[in-house]
Amino acid sequence: MNTLSQLAPRSSLNRVAVVLAIAGSLSACYVLPIDPRTGQPYPPTVRDGYVGAQVPLQITAVPVAPALVDVRLYPLNTQANKGGLLKAQVFDNNAGHGTFTVSYLGDTLQGESTRVDANYAAFGRIYQQVLGSSLRSFNGRRGIANAFGSKGTNAQCEYVITGPGSGTGVCLFSDGASFQMHFGG
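Model, not experiment: these values are computed from the prediction.

A.B. asks: So what exactly am I meant to see when it comes to the pairing of strand E1 (residues 67–75) here?
C.D. replies: Across a regular strand the side chains alternate sides, sitting on one face of the sheet and then on the other. Bridging between E1 and strand E2 (residues 86–92) involves seven bridges; their strand directions are antiparallel. Bridging from a neighbouring strand, aspartate 70 pairs with glutamine 89 of E2. Looking at chain direction, E1 and strand E8 (residues 178–183) are connected through five bridges and run antiparallel. Paired with leucine 73 across the bridge in E8 is methionine 181.

A.B. asks: So what exactly am I meant to see when it comes to the side chain of aspartate 92 here?
C.D. replies: Position of aspartate 92 relative to the elements: it lies in strand E2. A polar contact is formed between the side chain of aspartate 92 and the backbone nitrogen of asparagine 94, at a distance of 2.9 Å. In contact with aspartate 92, not counting residues within four places along its chain, are Pro66, Ala67, His97, Gly98 and Arg115.

A.B. asks: Please clarify how unusual backbone geometry should be interpreted in this entry.
C.D. replies: Apart from glycine, the bulk of residues carry a negative phi angle, and the bulk of peptide bonds sit in the trans form. Positive phi, close to 60°, is recorded for asparagine 94, a residue that is not glycine. Mapped onto the elements of the fold, asparagine 94 is located in the loop between E2 and strand E3 (97–104). By relative accessible area, asparagine 94 is classed as partly exposed at 32%. Phi at leucine 105 is positive, roughly 50°, even though this residue is not glycine. With respect to the element layout, leucine 105 can be found in the loop between E3 and strand E4 (107–116). What makes leucine 105 partly exposed here is its relative accessible area of 44%.

A.B. asks: Looking at this structure, how should I read the confidence of the model for the protein?
C.D. replies: One rule of thumb: low pLDDT means the predicted coordinates there are not for detailed reading. Residue-level pLDDT values for the protein average 81, and 69% of them are 70 or greater. Looking across the protein, the model is least confident in helix H1 (residues 4–26), with a mean pLDDT of 56, and most confident in helix H2 (residues 78–83), with 97.

A.B. asks: Can you help me understand the side chain of threonine 153 in this one?
C.D. replies: One can find threonine 153 in the loop between strand E5 (141–148) and strand E6 (154–163). Leaving out residues up to four positions away in the same chain, threonine 153 has contacts with Tyr104, Asp107, Leu109, Ala147, Phe148, Phe173 and Ser174.

A.B. asks: Teacher, can you tell me more about the state of the cysteines here?
C.D. replies: Linking two cysteines covalently through their sulfur atoms gives a disulfide. Throughout the structure, instances matching the rule amount to one disulfide. Here cysteine 157 engages in a disulfide with cysteine 171; their sulfurs sit 2.0 Å apart. What sets the handedness of the cysteine 157 and cysteine 171 disulfide is the S-S torsion sign, and at about 110° it is right-handed. Residue cysteine 157 is found in strand E6, and its partner cysteine 171 is found in strand E7 (residues 166–173); the two are separated by 14 residues along the sequence.

Thresholds applied
- Here the residue numbering is sequential within each chain, running from 1 through the sequence in written order.
- Two thresholds apply to this predicted model, a pLDDT of at least 70 for residue-level local features and 80 or more for giving and counting side-chain atom pairs, whereas whole-chain, interface and lining totals are computed over all residues.
- Where side-chain values are given, they derive from all heavy atoms of the structure, hydrogens and water being excluded.
- The criterion for strand pairing is that DSSP finds at least two bridges linking the strands in question.
- Helix numbering and strand numbering both begin at the N terminus, where a helix is a DSSP run of H or I of at least 4 residues and a strand a DSSP run of E of at least 2.
- In protein, a polar contact requires one atom able to donate a hydrogen and another able to accept it; more generally it is a pair of N or O atoms within 3.5 Å, and residues adjacent in sequence count only if both atoms are side-chain atoms.
- The contact definition used throughout considers only heavy atoms, calling two residues in contact when any of these lie within 4.5 Å.
- Accessibility here uses a 1.4 Å probe with only protein chains present; expressed as a share of the type maximum, an area under 20% marks a residue as buried, one over 50% as exposed, and anything in between as partly exposed.
- What pLDDT expresses is the predictor's confidence in each residue, scored from 0 to 100.
- Sulfur atoms of two cysteines make up a disulfide when they are within 2.5 Å.

Now the structure itself:
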């Protein structure tokens, strides 16, 4: 005959066995939270302790959008004073090249602008013709711009980019007009 005291140890053993069996059966399971909107499991995160198949992070380079840069040309000599303050525009493709447009004495001159490296041998010639032969240093990215109009006038410019979207330069027109260039904010 079993007494209550004899059943207690056996009953405790049964409870322990049941708990171990349940724990053992759950150890290989992983509970996935389900998104109620889609019915699909939420994507696992490292924070959740899931270190399954890792999807490589894909970084796509976003090309810099072309920019329209407003340029102001201030007259430096008597011939340039005839045209007054000029407003030009550069459509910069942000890859070292762009288009250059300026209106001058009833003509629209159109051309291009190109950034050049520090070894570009001809850079500084227009600066010298417009501002004189004093020594100057060019700190920043350099560029040239040229434009031609239907009435036969042309412009040659040199510029230095001194900050994000800003810079200075000079322009010499074929009729002898000299301008100092400012652009950017």
